[in-house]
Amino acid sequence: MSAGWRTLLLRIGDRCPEYGGSADHKEHIDICYNVLSREYEHSKDDIFEFLLQCAEQLPHKIPFFGVLVGLINLENEDFAKGIVDTTQANLQDALHNENSDRVRILLRFLCGLMCSKVILPNSIIETYEILLSAAATILDEEAGNPSWQPRADFYVYCILASLPWGGSELFEQVPDELERVLVGIESYISIRRHFDDIAFSVFETDEGNSPNKKDFMEDLWDRIQVLSRNGWKVKSVPKPHLSFEAQLVVGKSHRFPSVSCPPPIFTMSVSEILKGQEKHEANLKYPQRLRRLHIFPTNKAENMQPVDRFVVEEYILDVLLFFNGCRKECAFYLVSLPVPFRYEYLMAETIFSQLLLLPNPPFRPIYYTLVIIDLCKALPAAFPSVVVAAVHALFDRISNMDTECRTRLILWFSHHLSNFQFIWPWQEWASVKGLPKWAPQRVFVQEVLEREIRLSYFEKIKQSIEDAAELEGLLPPKAGPNFRYQTDESKESTDSHRLSKELVGMVRGRKTTRDIILWVEEQIVPANGAKFAVGVVSQTLLDIGSKSFTHLITVLERYGQIISKLCPDEEMQLLLMDEVSAYWKNSTQMTAIAIDRMMGYRLISNLAIVKWVFSPANVDQFHVSDRPWEILRNTVSKTYNRVSDLRKEIQTLRKNIQVAKEASAKAIKELEEAKSVLEVIEGQPVPSERPGRLRRLQAFADKAKEEEVTTEDSLEAKEALLARGLEEGKELLRLLFKSFVHVLTERLPPVSADGDVPNLRAGDPNVTIPAGDPEVATMEIDNENGADNNGQLNGQNTKAGYSIGELEQWCLCTLGYLKSFSRQYATEIWSHIALLDEEVFVGSVHPLIQKAAFSGLCRSISDGSHL
């Protein structure tokens, strides 16, 4: 079968006028239709399936595929009827399987078929009304379950999102019915609960508290109302059916069979916790696709109608969705959307909104990094300058950016620059060196440079900022070990040096782990103590494994038992991490890797790592370095990834057990049937089967039974590991939140006598903190100009030894990370919410701590009991 028709089908509408294509798609559609007609007789099934796949996986081309089906409908009504029926079956399946992307795209495809006279307009109206009725039922306190409002919102969102593609045709052919649907939507909007997503906003400002701020549903409804007042004219949606209207109008329009929505999920519980868990589950299944960033000022961004902006955003999000993993194809389709105007600024804004989407981006951040790189290469005259403008705009607002988003931006920016020879106008940011070392812009530049060095090497990055020599002071120390027992002729050799050298000799001499443990217990511990032994052994083994990551892994695998023997409890493990941090004090990356690997080999517990991160030395780094946070993120992530992996393995094992049981039963049945066939020889009944076959059947049955038992044993072991992992996760969550509460309670400014919560931003004059002990030295502020951004406030010192400005930044940063963990692990928090209420959030916990701790759940709590 020729693949030419496939290529032509994919090329429909590939180019938009701005990038050298033709706005006249009639010729493309004619050619494609002619090829399909020739191939129809011997490739009917392939064409049928491929058209449906294209409509679902290239949804920005739906109007063109709709016309193709309409033209085929003129010659073969059964083929078009099959498309309609299959689309209905797919939509029904998507609704019941809660496949939100498929539901949204299939509704758009229905509009494309309706515009090409394949589907009756009344059928579309009926589908809309079914969805609208289901949405209203969900919100009904008696007949539905308002906790599942995200599903109801999604149904109405799908209706509104499809109207730019079918609204004009519906308005022309069934205006009264369309008006009835719009009235129903308006009624739904009026009764639904407003969705306040300030906890998921990229920029932490007070704007989200405004009662006039519209949520995503209200915003889309406003855009559709503007579209309705403008006569349903949309520039961004192609109308290829108009070029074939004289032909299509004579085709038979088919009725679209009705669909049904899954019934509401009822709950008899009055528990606010259970209701909150339901809301959280609903939000996970029906997430909000986009939260607009509005990076660029209006005089820079493209000037387009509100609904056109929405449509182009939908195009971009769809391409990102369906070409995940195919970066070059993704970039190709992104630069060739079927719209008659430029959209580079909107494209950049949309991609950054996905990269910074909270609580998690839809795909791994590396995907967006690669897409941005390919877009810069595909549009060298346009897109790189847009990316530069976006970075500058985000940098200007970095102090108001959510902490987690700030980290993502640092990781993206450093990786992006590594693909363009680390070229950047650093001189424009040279002034940040004069800011206090805790200033967000300074920390941002510092962390970007540190990440760049990880992706390259120190001298290369130092050379890249030679035009901004001031920034050299923000470079981290040149990476390298800081071995305490380094042999140096200028230094006097001590007992510790001798013991370290002896240990190196034992390792090089291939002494067994047992021999080394005995040597440590006999030669080091009795004379010097366990803590001294930890220092000598850990530093020496780290030095042996310092050449590369592989060397480190090898050392930990071979000699990890020595460390495990010396560090059986949290106190010794804390000491071990101090030694790791001291050895790799010049390398944040190697510190994080070493601790992560030690946790992987269970030489250090996750609880010990949390306690170490919240030790005083690390707490003082919370607002000036990502070093402690990177280690904490790795620890929490690894803990819950273990649980997730175990759940997947258990699910697989349960399926395997079912297969093994069936195989065992089948083998036993075959064996028994073979044994049951008898013949009489010399008056005695004996099996008629040959002994060799019976032995084989017996061996098969024994093997199948053994496989079943082995799988059951594996399942039992994995379930035990899962129970242990869940308990570890619960204890980790409890300790993590307790630690946050403890350090924040010590430093947060108190609530005023009138009950006003302090505003930590912009040097709130109402923030009053008792002066600290005059003997407590203030934290050194790295500011060559000797000035602090907080003016007269800089002279006041707090109990923590910080200036007020620095303390505010420390509190904002720490609250930001608390909020980040709350969003990231909201499911786990809901699982242990009663424990946290009982053991962590007891007494008068500061309102700012409560708000941050439950920010990931705020959209799931209606009564605000945890806010």
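Residues numbered from 1 in each chain as written. Predicted model: local features only at pLDDT ≥ 70, side-chain atom pairs only at ≥ 80, totals over all residues. Heavy atoms only, no water.

Within the protein one finds 33 helices and two strands. Evaluated residue by residue, the protein yields a buried proportion of 53% over its 867 residues. Within the protein, contacts between residues at least 6 apart in sequence are counted, and of these 77% link residues at least 24 apart. Total accessible area on the protein is roughly 39200 Å²; 50% of this is exposed by carbon and sulfur atoms. (Helix = DSSP H or I, 4+ residues; strand = E, 2+ residues; numbered from the N terminus. Buried < 20%, exposed > 50% of the residue type's maximum accessible area, 1.4 Å probe, protein only. Contact = heavy atoms within 4.5 Å. Areas by Shrake-Rupley, 256 points an atom, 1.4 Å probe, with all protein chains shown as cover.)

Here the structure, examined in full by the defined rule, presents zero disulfides. For Cys158, which is in no disulfide, the shortest distance to another cysteine sulfur is to Cys261 and amounts to 9.9 Å. For Cys326, which is in no disulfide, the shortest distance to another cysteine sulfur is to Cys330 and amounts to 8.7 Å. (Disulfide = S-S within 2.5 Å.)

This part takes up the packing of helix α29 (residues 691-747) against helix α30 (residues 804-824). Two quantities define a packed helix pair, namely the angle between the axes and the distance from one axis to the other. Across the interface, α29 lies against α30 with an axial gap of 11 Å and an inter-helix angle of 160 degrees. As far as their axial angle goes, α30 and α29 are roughly antiparallel. Crossing handedness for the pair α29 and α30: left-handed. When α29 is examined against α30, the residues Leu736, Phe737, Phe740, Val743, Leu744 and Arg747 are found in contact with a partner set consisting of Leu807, Trp810, Cys811, Thr814, Leu815, Tyr817, Leu818 and Phe821. In terms of residue class, the contact of α29 with α30 is built from twelve nonpolar, one polar and one charged. (Axes fitted to C-alpha atoms, helices over the stretch in contact; angles between N-to-C directions. Parallel < 35°, antiparallel > 145°, perpendicular 65-115°, else oblique. Left-handed = near helix turned anticlockwise from the far one by under 90°. Nonpolar A, V, L, I, M, F, W, Y, C, P; charged D, E, K, R; others polar.)

The next subject is the confidence of the model for the protein. Taken as a whole, the protein shows an average pLDDT of 86; of its residues, 88% reach a score of 70 or greater. Note that pLDDT drops below 50 for residues 15-23; the model gives that stretch 22 contacts with residues more than four away or on any other chain. With pLDDT under 50 throughout, residues 206-211 is counted as low confidence; its partners more than four residues away or in other chains account for six contacts. (pLDDT = per-residue confidence, 0-100.)

Mapped onto the fold, His416 is located in helix α17 (residues 403-418). In this structure His416 comes out as buried when scored by relative accessible area, which is 7%. Setting aside residues no more than four positions away along its own chain, His416 makes contact with Thr369, Ile372, Ile373, Cys376 and Val387.

Moving on to the pattern of salt bridges. For the structure on display, the rule yields 53 salt bridges. The network of salt bridges with shared partners includes Asp101, Arg104, Arg108, Arg289, Glu314 and Asp318. (Salt bridge = Lys/Arg side-chain N within 4 Å of Asp/Glu carboxyl O.)

Looking now at the side chain of Arg451. Here Arg451 lies in helix α18 (residues 440-455). Not counting residues within four places of it along the chain, the set of residues in contact with Arg451 comprises Ile410, Leu411, Ser414, Asp626, Glu630 and Arg633.

The next subject is the packing of helix α2 (residues 26-57) against helix α5 (residues 100-115). Relative to each other, α2 and α5 sit at 115 degrees, their axes nearing to 9 Å. Here α2 lies roughly perpendicular to α5, going by the angle between them. As α2 packs across α5, the resulting crossing turns out to be right-handed. Across the interface between the two elements, Leu52, Ala55 and Glu56 from α2 touch Arg102, Ile105, Leu106 and Phe109 from α5. Grouping the constituent residues of the contact of α2 with α5 by class yields five nonpolar, no polar and two charged.

A few words now on the packing of aromatic side chains. Within the structure shown, the criterion is met by 36 aromatic pairs. Judged by centre distance (5.8 Å) and plane angle (55 degrees), the rings of Phe395 and Phe444 are tilted. Of this pair, Phe395 sits in helix α16 (residues 383-396) while Phe444 sits in helix α18, and the two are 49 residues apart along the sequence. For the residue pair Phe395 and Phe444, the accessibility class agrees, reading buried in each case. (Phe/Tyr/Trp six-rings, centres within 6.5 Å; stacked < 30°, edge-to-face > 60°.)

Of note, Leu812 is situated in helix α30. Each C-alpha atom of the pair Leu812 and Arg761 lies 8.2 Å from the other, and the pair is 51 residues apart in sequence.

One pass over the structure, following the stated rule, counts five cavities of 30 Å³ or more. Empty space within the largest cavity amounts to approximately 180 Å³. The wall of the largest cavity is formed by 19 residues, among which Arg406, Ile410, Val443, Asp626 and Tyr817 lie closest to the centre. Sorting the residues of the lining of the largest cavity by element identifies α17, α18 and α30 as the ones contributing at least two each. Of all the elements, α17 adds the most residues to the lining of the largest cavity, at five residues. Here the lining of the largest cavity is composed, by residue class, of ten nonpolar, five polar and four charged. Considering only enclosed or pocket space, the second largest cavity measures out at about 60 Å³ in volume. (1 Å grid on protein atoms, 1.4 Å probe; cavity = no way out; pocket = protein on both sides within 12 Å on 5 of 7 lines; lining within 4 Å. Points joined across faces, edges and corners; volume = space filled by probe spheres on them.)

Cis geometry marks the peptide bond from Leu358 to Pro359; its omega dihedral reads 10 degrees. The phi dihedral of Arg510 is positive, around 60 degrees, even though this residue is not glycine. Mapped onto the elements, Arg510 comes out in the loop between α20 (495-508) and α21 (513-528). When its relative accessible area of 61% is taken as the criterion, Arg510 is described as exposed.

This brings us to the environment of Leu748. Here Leu748 lies in the loop between α29 and α30. The exposure class assigned to Leu748 is buried, which follows from its relative accessible area of 8%. The contacts of Leu748, once residues within four sequence positions are left out, are Leu760, Cys811, Leu815, His846, Leu848 and Ile849.

Let us look at helix α12 (residues 306-322). Over its 17 residues, α12 extends 25 Å from the first C-alpha to the last, a length consistent with the 24 Å expected when each residue adds 1.5 Å. Burial within α12 is extensive, with 14 of its 17 residues counted as buried. (Expected span 1.5 Å × (residues − 1).)

Glancing now at the environment of Glu502. Relative to the elements of secondary structure, Glu502 occurs in helix α20. Judged by relative accessible area, which is 34%, Glu502 ranks as partly exposed. The spacing of Glu502 and Thr540 is 38 residues in sequence and 10.0 Å in space, taken between C-alpha atoms.

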